[in-house]
Structures are given as structure tokens and as C-alpha cells.
Amino acid sequence: MAVLCSNCSGRLIFNPASQKLECAACGSMFSPEDVSDSMADVHSKYYDTRVYTCAHCGAEVVTSDTEVSTFCVYCGNPAINFSRIAKEYRPDGLIPFKITKEEALSRVKSKFLKNPIIPKEVKRKAVPENIRGIYVPYWIINARFTEASYISGDVEYDECKEKWFFQRAGNCNFKNMPIDGSNILNDSVSMKLEPYYFDAAVDFDEDYLNGFYSNISDMSYSDLRSSAAFRCHDFFSKESLKTVIADNRMVEDTVYWIDIQDDPLYLMLPVWFFTFIYKGEPHTILINGQTGKVVGTMPWEKKRIMSVFWSTFFLVLAVMTALFFGIVFNLGGLENLYNLLIVIILIVASGVFTSGIVGLNKIMKNIKLTKEEDIFRFVKKRQA
Amino acid sequence: MTDMTITGAASFNEYFVIIIATAVLFLFACVGISLYITSRILKKYTDFGETECSIHQYSADGVRFKVNKDNVLPVEKEDFFLIYGENPYEKIERSIPEQLIRNSGKKDEHK
Ligand SMILES: [Zn+2]
Ligand SMILES: [Zn+2]
């Protein structure tokens, strides 16, 4: 299973920076294609995997490493146990990790950690030990797709609004569309990790997996069909709504069909998982291992939003006071200027006040804690 | 206090009202402006710019529309879906990767 260094029998780990297998003990470097694992048979349909199961959430993770993570990358729980050695079908290929762990960490930092509303405690958790590289299984499909949708919308007609109905039907060919092949990762999250560039894909070689985890695709063909059809439908609806000129456009009813071409490709795509626990809740941020795109939301603190508000408030108060007294005393004329000033302040303040309240409300609704249920669909319901 | 009462109750009240009103307006304006600035700051920090791919990432020529009718009558809906309600790919047999076949088998076992 795990290949060893031919110079010193040390453990070999794939390094995304050099794209080579490196020996942790003597520093020798090998190309993944050159290393031959006496145990593995490249002509076999199968390869051996060590499956670990999380007793807490039921997630399964595969690794060739003997040294195993101390926590579950999905739920953050330490209850991870070796479950079995399994023969799995060899994927058709993989995209090797391009982004190193350090780069992934600095991407997370530059995206989130200068943010004033994110708790300091979270910032302290952005350390290499909390980041794990996982090869996530994907199916790359080519498909034909047909859809008919019945759309409604309000149209201005003779100066009054009328509800109109629209018919849109057509077809579309999709090429190299990735479909997330594991049931645990929520499709709406994994889609945000895209794009992946498939020209960097290589033939599957388990040597690339050294130092990383992987998942096995656990979906059935009908799961794949419905995921793929749903994704195509999403694209189609957006396009057909674009062709309708009306207000409050809505797809009222729709019917769609998909034909997935022969033998979709089974590929492993690289994702870094940054897992941490904050206030007893697990959180995960995902980083595309090829492009470095960061996906996920951070927990935030009301306390810190309040402090942003209060610091701007005192700043505004100071500036306004200075302005106010400056105007009043420099121009002297208290009587007429006063009235004018009061009117101006009133107009500006009420305008700004409402837009401030509206904006704040919108944001408060939009930002929510990364609930793990949103990112993952756990096999087991989490116990309290 | 005493000085003001001497100058006259009317002017005292007048001044008092003006000062209170100005102070209230002033605070109102300050709160308003700070709320606005806070919302702008938060907007900047909560917009993570997570975008999904557009259709053109996976489809070279996009959707080809065959029916593109505006202002149809509600009664036409049924006919429309009658035409498109049939799977055009129904009879096509596809070869399926073994991994997917095995997973389907596993699911059936559980049932
Ligand atoms: Zn060595
Ligand atoms: Zn777990």
C-alpha cells in the first residue's frame, strides 16, 4: 500500500509544490510515475484502501497512511476508528494537489482573518494541524439535456400590469461537467469550488494519494442522473428566465430529461478541508486544491459587530461635533444658519438612517453561521 | 438655571426646546450615519464573492430554444407539456461504470 523510499525506506509523501513524492527522512524525490509499488497492480481494476469511520457522524474516509488523523475532517470529533481494508475500483484519473497546505492556509487567512467580525478564537485555529487534504470523488459527464418550462411574469400593458405566461423549450449539450460523487458533501457547496481545469488531470496512480485522504464515490447511477439532471435544469432555468422580459419572473412548471453519455469519468479532485470547533459547533472551510478558491462562511460575533458600530459612532460624533461648532462659530450667524443646518441634518440623517437600517437588516439575515448540516449530509444524526 | 428664569419663562422654554431638539437631531444624525457606515463595512466583510460557474463553462453554445412563445393562454399549458412530457432519450442504453453499479447494488441490500 504505502510506497517507501528506495534509498532509506522512509515514508513518501506527495508534495504539491514540487509535484514529486518526497521522503520525509532523507529528502529524496521521486516522480509518482516512476515509483512502482510492488504490492499494487496497475492493471488491476482495484486498489487497496484503508477505510476509517467516524463513530460520531458516520463519515468514511480512506487513507493509505498508517499515521491517521486525530479528528474527523467532517465533524471535528476525535472518535475516528480504523474500520476495514477494502478493495475499491480504481478511479480513471485525478487532478493532483497544486496548492500546498501553507498556501491554502494563507488563502483562508487573507479571505477571512482580517475581517473584524470574526472571533479572535477562530483566527487562532487557522493552523496547519487543522487542515487536511482530501481527494473528493467526482463524475465528469457529457450529457444531452431537454427541458420545457412554463414561466409567468408581470408585463406592463396599456399602463396596467398584466400577468403573462411564457413557453420555453429547448435543448443543450453539456461537456465535462463535474458532479460531486460523494453523498456526504452537499452539492450546492461543492459546486462553488469549481471551476476545476481538467487538462491537469493525470491517470490514476495511488502514489499521489500519499499524505492525503480520499473518499470513495458512494452514489448510485440514479443518484448521478438526478444530481446531473438537477444541475442542468438549474442552468437551463437561468437561461430561459433571461429570455423573458417581465417582472417577478417565475418558473411555474417544468419537465426535463437527461441523457448521460457512455462511461462518465471517475476522477478524484483535490480539496483542502479546514476544520475547527467554535463554541461546541464544528465548522469547515473548503479550499480548491487546484486553484485555491475558498468556500464557506465563518462564525461571527454580535459583540464584534457592536464594537464596529460603536467605534464608527464615536468617530462620527467627533467629526460632526467639530463640523457643527466650526460652522456655528466661524460663520457667527446663529439665527438663520441654525435653521438651515437643522433642516440639512434632518434630511441627510433620515435618508442615511433608513438605508443604514435596511442595509444592516439585509446583512444580518444573510450572514449565518456555517451550519455543518448545510455543508455535509451526515450518515448518522449528530448526538447532542 | 436661576439666571435663565429671571430673563423670562418664555425665552427659557424656547431655548430649552431648541437645545433639546438640536441635541436629539444631532444624535439621530450620528446614529444614522454610523449605522450606514457599519452596514457598508459589514457588507464588505460578509460578501465572500462565492460565485458558481455559468452555463458557458460546460456548454459551448448554451441553450438552443425551439419554443419561444410569449403571452400564451393558460389553457395551452397542457398541450405544451403533452408534447414535451415524453422522455426523448427513453430507449437509449448506456454503459455505466462498475463503481456506480456496485453502489446501486449496495443500496438495494440496505432496503
Ligand atoms: Zn529516504
Ligand atoms: Zn465525524
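Here, every reference points to the structure presented above.
A brief structural summary. None of the values given here were measured: they were computed from a predicted structure.

Regarding its fold elements, chain B presents four helices and one strand. Reading the helices (α) and strands (β) of chain B from amino to carboxyl end gives α-α-β-α-α. Counting only residues that meet the buried cut, chain B has 27% of its 111 residues in that class.

Quick look at the overall build of chain A now. Within chain A, the secondary structure is distributed over seven helices and 15 strands. The contacts of chain A with a sequence gap of at least 6 include a subset with a gap of at least 24, amounting to 74%. When the accessible area of chain A is evaluated, it comes to approximately 18000 Å², of which 57% is carbon and sulfur surface.

Residues and elements named next belong to chain A. Here S182 lies in the loop between β9 (160–180) and α3 (187–190). The buried category is assigned to S182, whose relative accessible area is 3%. Excluding residues that lie within four positions of it along the chain, S182 makes contacts with P137 and D218.

Looking now at the coordination of the zinc ion (ligand 1). All names here are of chain A. Within the protein, the zinc ion (ligand 1) binds to C5 (SG), C8 (SG), C23 (SG) and C26 (SG); these donor distances fall in the range 2.2 to 2.4 Å. The site at the zinc ion (ligand 1) holds four donor atoms, and with the angles between them running 99 to 114 degrees, its shape is tetrahedral. Coordination of the zinc ion (ligand 1) draws on donor residues from a single chain, spaced C-x2-C-x14-C-x2-C in sequence. Taken as a pair, C5 in the segment before β1 (12–15) and C26 in the loop between β2 (20–23) and β3 (29–30) lie far apart in primary sequence, 21 residues in all. The exposure class of C5 is buried, given its relative accessible area of 3%. Assessed through its relative accessible area of 40%, C26 is described here as partly exposed.

Chain B puts 68 residues into the contact, and the matching count from chain A is 96 residues. Between chain B and chain A, roughly 7800 Å² of surface is buried when both sides are summed, and carbon and sulfur atoms account for 66% of that area. The interface formed by chain B and chain A holds six salt bridges in total. Residue D259 of chain A is joined to R94 of chain B by a salt bridge in which the shortest nitrogen-to-oxygen separation is 2.6 Å. If you look at where chain B meets chain A, you find 28 residue pairs in polar contact (both at pLDDT 80 or more). The element contributing the most residues to the side of chain B that touches chain A is helix α2 (residues 9–46) of chain B, with 22 residues.

What follows concerns the coordination of the zinc ion (ligand 2). For the zinc ion (ligand 2), the full set of protein donor atoms is C54 of chain A (SG), C57 of chain A (SG), C72 of chain A (SG) and C75 of chain A (SG), and the range of their distances to it is 2.3 Å. For the zinc ion (ligand 2), the four donor atoms in the first shell make angles of 108 to 111 degrees at the metal, so the coordination geometry reads as tetrahedral.

Moving on, we come to the nonpolar core. Residue and element names in this part refer to chain A. Grouped together as the largest cluster of nonpolar side chains are 63 residues, with contacts concentrated most on F174, L224, F274 and M298. In terms of residue count, helix α4 (residues 221–242) provides more of this core than any other element does, seven residues in total. Counting residues in each nonpolar core, the second largest holds 30 residues, with Y52, C57, I80 and I375 among its members.

What the rule picks out here adds up to 30 aromatic pairs over all chains. Three or more aromatic residues link up through ring pairs in this structure, and these residues are F145, F174, F235, F236 and Y256 of chain A together with Y58 and F65 of chain B.

Moving on, we get to unusual backbone geometry. All names here are of chain A. Of note, the bond from E194 into P195 is cis; its omega dihedral lies within 30 degrees of zero at 10 degrees. Within the fold, P195 resides in the loop between α3 and β10 (202–203). Its identity as a non-glycine residue notwithstanding, N176 has a phi of 50 degrees, on the positive side. Locating N176 in the fold gives a position in strand β9. Despite not being glycine, K279 shows a phi value in the positive range, around 50 degrees. Looking at the element boundaries, K279 is found in the loop between β13 (265–278) and β14 (281–288).

Listed in full, the buried residues belonging to helix α3 (residues 76–84) of chain B are F80, F81 and Y84 of chain B. In a view along the axis of α3 of chain B, the buried residues occupy a sector of 90 degrees, so they form one face of it. Counted as exposed and oriented over 90 degrees from the buried face of α3 of chain B: E78, L82 and I83 of chain B. Packing partners of the buried residues in α3 of chain B comprise β8 (131–157), β9 and β12 (247–260) of chain A together with β1 (64–69) of chain B.

Another point: the side chain of R132 of chain A. Looking at where R132 of chain A falls in the secondary structure, it is placed in strand β8. A polar contact is formed between the side chain of R132 of chain A and the backbone oxygen of E129 of chain A, at a distance of 3.1 Å.

Let's shift gears to the sheet that holds β1 of chain A. Residue and element names in this part refer to chain A. Pairing is antiparallel in the open sheet, where three strands are placed in the order β1-β2-β3. Pairing within the sheet leaves two strands with one partner each, and these edge strands are β1 and β3. In this structure, β1 lies alongside β2, joined through four bridges in antiparallel fashion. Bridged to N15 within β2 is K20.

This brings us to the environment of R249 of chain A. Residue and element names in this part refer to chain A. One can find R249 in strand β12. Looking at R249, the relative accessible area reads 40%, which means it is partly exposed. Sequence spacing of R249 and S152 is 97 residues, and the spatial spacing of their C-alpha atoms is 5.7 Å. Among residues more than four places away in sequence, those in contact with R249 are S152, G153, L241, K242 and V244. At 2.9 Å, the side chain of R249 forms a polar contact with the backbone oxygen of L241. Of note is the side chain of R249, whose polar atom sits 3.2 Å from the backbone oxygen of V244.

Taken as a whole, this structure holds 18 salt bridges over all chains when the rule is applied. The closest approach of N and O atoms between K238 of chain A and D234 of chain A, which form a salt bridge, is 3.3 Å. Here the residue K238 of chain A and the residue D234 of chain A both occupy positions in helix α4, the gap between them amounting to four residues, near one helical turn. When the shortest N-O distance is used, the salt bridge between E76 of chain B and K69 of chain B registers 3.6 Å. On the accessibility criterion, E76 of chain B (25% relative accessible area) is partly exposed. According to the relative accessible area criterion, K69 of chain B is partly exposed, its value standing at 41%. A network of salt bridges, in which partner residues are shared, links R144, D259 and D262 of chain A together with R94 of chain B.

Scoring rules and cut-offs
Residues numbered from 1 in each chain as written. Chains lettered and ligands numbered in written order. Predicted model: local features only at pLDDT ≥ 70, side-chain atom pairs only at ≥ 80, totals over all residues. Heavy atoms only, no water. Helix = DSSP H or I, 4+ residues; strand = E, 2+ residues; numbered from the N terminus. Buried < 20%, exposed > 50% of the residue type's maximum accessible area, 1.4 Å probe, protein only. Contact = heavy atoms within 4.5 Å. Areas by Shrake-Rupley, 256 points an atom, 1.4 Å probe, with all protein chains shown as cover. Donors = N, O, S within 2.8 Å, 3.2 Å for Na, K, Ca; no water. Tetrahedral: all angles 85-135°; square planar, octahedral: opposite > 155°, others 65-115°. Buried area = accessible area lost by both parts, 1.4 Å probe. Salt bridge = Lys/Arg side-chain N within 4 Å of Asp/Glu carboxyl O. Polar contact = N/O pair within 3.5 Å; in protein donor to acceptor, adjacent residues only side chain to side chain. Core = buried A, V, L, I, M, F, W, Y, C linked by side-chain atoms within 4.5 Å. Phe/Tyr/Trp six-rings, centres within 6.5 Å; stacked < 30°, edge-to-face > 60°. Arc of directions from axis to C-beta. Pairing = 2+ DSSP bridges.

Geometric descriptors of this kind do not, in isolation, establish any biological role.
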